[in-house]
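Reading the structure
Okay, here's what each chain looks like letter by letter:
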Amino acid sequence: MFDDLRIMFTPEFFGAILLPALIGGIAVTICSSLLGTTLVLKRYSMIGDGLSHIGYGALSVAAVMNMAPLKVALPVVVIAAFILLRLSESSKLSGDSAIALFSTTALAVGILVSSKAGLTNDVSHYMFGSILAMSKSDVILSVILSVIVILTYVFLYNRIFSVTFDENFAKATGVNASAYNMIFAVLTAVTVVLGMMMMGALLISSLIVIPTLTAMRVCKSFRGVVLTAGTVSVVSFLLGMFMSLLMNTAPGASIVIVNVVFFLLFSAVGTIRCRSGRS
Amino acid sequence: MKKILECSELAASYDGRKVISGLSFTINEGDYVCILGENGSGKSTLIKCLLGIKAPESGKIVMGDGLKQRDIGYLPQHTDLAKGFPATVSEVVISGCLGRRGLRPFYSSEEKKLAKRAMERLGIADLAGRSCRELSGGQQQRMLLARAMCAAKKLLLLDEPVTGLDPAAAADMYDLIDELNKKDGMTIIMVSHDVVKSLDSASRILCLCSSDHSFYGTPEEYANSHISSKFIGD
């Protein structure tokens, strides 16, 4: 087992495969945990999940038609994010059923198209992710997009707080809440597509949801939740990667499991604190 | 008396149904206006129009004295929004300063002071670092009122401020609002279901009786009019 590990850390492997994966991965985990805070608190947790399935459909169609996957998936998922957020706001079709409708349809289309074209194997790594197979251009793109997402988030932080906490009040103070929802939809869509390549369509929503839930067990302030969620997700990512290399497990799944362990730990701390606070 | 808000011939719909038409009234600085009306009478729609969230179909809302609609301090109707939301009281209160920020991204020390003063004024300065999940209903309303005060230059708009509070907390809240009106000179517009309390404290009553009929006048005039009998009884 440790021989394997030694090979992993040879300069060639490290520089060519592991380092890009780590850089791209850290960038995407930070983005997803930042956006996750708002998505969870606005009860839009499932949007990340829905979008990833839609992204899967788009990527499959792109693969079959021999087009650059990202160039197809990004715009499709951005548009889907607009529509899903809109539907969640209107009362005609409730948000969660709208997401279920959209995501299963897209998933079915993706599988139908790729199975017909006999490409299921190529497409299946979008289902489960393949972080070590990220190309150099994928990594560069992830880092650039992540920097944009993080900067936007920092600059709009106070407005994002206000819109997340109380949209009506934010509107009354002149904040254009629907514009922020739009910006948010775009940022989420970008993050989901990037995360999908890394974690796979099935697991990306865990990167969005779990760090925030973990941070909420112990943090009192919004800022605390955002910072803790970011830290926990990066640490989980690194530990998960290490675990997957050490034990030869699937990276995406390992990262999720580490995240869940942190969630349980933080829950225990939160419960103990709560009890000792009351007595 | 200086005009602070004038509404003329306002008409607005909700879900395609006309709920307000031909509504005109003038609010002066220092007034305490209570808005009465049954459910579905268009109170919430009127509030959205006053806040500038919704554009009226016709008619005009004019603010006096260089005020803008975003300078109205707004206390929304009670919801469970603070339940389970991780945010400290001071984070929530200072978010009321957002309207004055324009496009600058971060709060200045002046705004932090403003938030602190608002919390002190409402007696919640000691709760500043507490999570809003841990607050009682009355404390939560004070927090949201402090946020409204950060946004307010001269005018507070309160949408059923005591809904969900127990009688003691409700009485406290009413006292606080009276004080803000009398001592601090805040102009108050309050939506209320509590007719007796409204007649007691308000200087003006606005009653949205039906889509095309409304009453605006002093509490005495209201009590003597036939419209009130429906609400007060005999």
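Definitions and limits used
- Residues numbered from 1 in each chain as written.
- Chains lettered and ligands numbered in written order.
- Predicted model: local features only at pLDDT ≥ 70, side-chain atom pairs only at ≥ 80, totals over all residues.
- Helix = DSSP H or I, 4+ residues; strand = E, 2+ residues; numbered from the N terminus.
- Rg over C-alpha atoms; globule rule 2.2 N^0.38 Å.
- Contact = placed C-beta atoms within 7 Å.
- Nonpolar A, V, L, I, M, F, W, Y, C, P; charged D, E, K, R; others polar.
- Core = buried A, V, L, I, M, F, W, Y, C linked by C-beta atoms within 7 Å.
- Buried ≥ 20, exposed ≤ 12 C-beta atoms within 10 Å, placed from the backbone.
- Domains from an automatic or database assignment.
- Pairing = 2+ DSSP bridges.
- Axes fitted to C-alpha atoms, helices over the stretch in contact; angles between N-to-C directions.

Scanning chain B for helices and strands turns up eight helices and nine strands. The C-alpha radius of gyration computed for chain B amounts to 18 Å, which stays within 12% of the reference 17 Å derived for 234 residues, consistent with globular compactness. Projected onto the principal axes, the alpha-carbon positions of chain B cover approximately 50 × 40 × 35 Å. Long-range pairs, those at least 24 residues apart, make up 68% of the contacts in chain B with a sequence separation of at least 6.

The interface of chain B with chain A comprises 22 residues on the first partner and 22 residues on the second. Contributions of two or more residues to the side of chain B that touches chain A are made by β5 (72-75) and α2 (89-94) of chain B. For the side of chain B that touches chain A, the residue count by class is 15 nonpolar, five polar and two charged.

What follows is about the nonpolar core. Generally speaking, a soluble globular protein has its nonpolar side chains buried in company with each other. Core analysis: the biggest nonpolar cluster contains 154 residues, and V77(A), I35(B), V93(B), A146(B), C150(B), L157(B) and I188(B) have the highest contact counts within it. Considering every element that reaches this core, the biggest residue donor is helix α10 (residues 177-199) of chain A, with 13 residues. Two domains each provide a minimum of three residues to this core, namely domain 1 (1-67 + 157-234) and domain 2 (80-153) of chain B. With residues up to four places along the chain from it excluded, the contact list for I188(B) reads Y32(B), V33(B), L156(B), L158(B), I177(B), L180(B) and N181(B).

Next up on the list: the domain arrangement of chain B. Residue and element names in this part refer to chain B. Along its sequence, chain B is carved into domain 1 (1-67 + 157-234) and domain 2 (80-153). Listed per partner, the contact involves nine residues of domain 1 and six residues of domain 2. Residues of the side of domain 1 that touches domain 2, tallied by class, amount to seven nonpolar, one polar and one charged.

It is worth spelling out the sheet that holds strand β4 (residues 58-63) of chain B at this point. All names here are of chain B. As summarised here, the arrangement of the three strands in space is β2-β1-β4, forming an open sheet in which the pairing is antiparallel. Each edge of the open sheet carries a strand with a single partner, namely β2 (17-28) and β4. If you compare each strand with its neighbour and ignore which way they point, the axes differ by 15° on average. Direction of pairing for strand β1 (residues 3-14) relative to β4: antiparallel, over a ladder of five bridges. For S8, the partnering residue across the bridge sits in β4 and is K60. The sheet contacts of helix α1 (residues 43-51) involve β1, β2 and β4, and relative to β1 the element is tilted by about 125°.

Residues and elements named next belong to chain A. As for its position among the elements, I26 is in helix α2 (residues 11-41). In this structure, the C-alpha to C-alpha distance between I26 and I183, residues 157 residues apart in sequence, is 22 Å. Those residues in contact with I26, other than ones at most four positions away along the chain, are V234 and F237.

Turning our attention to the sheet that holds β5(B). All names here are of chain B. The sheet built from six strands is open, its strands ordered β5-β6-β7-β3-β8-β9 with mixed pairing. Lying at the two open borders of the sheet, with one neighbouring strand each, are β5 and β9 (213-217). Pairs of neighbouring strands in the sheet enclose a mean axial angle of 15°, with direction left out of account. Where strand β3 (residues 32-37) and strand β7 (residues 187-191) come together, four bridges link them in parallel fashion.

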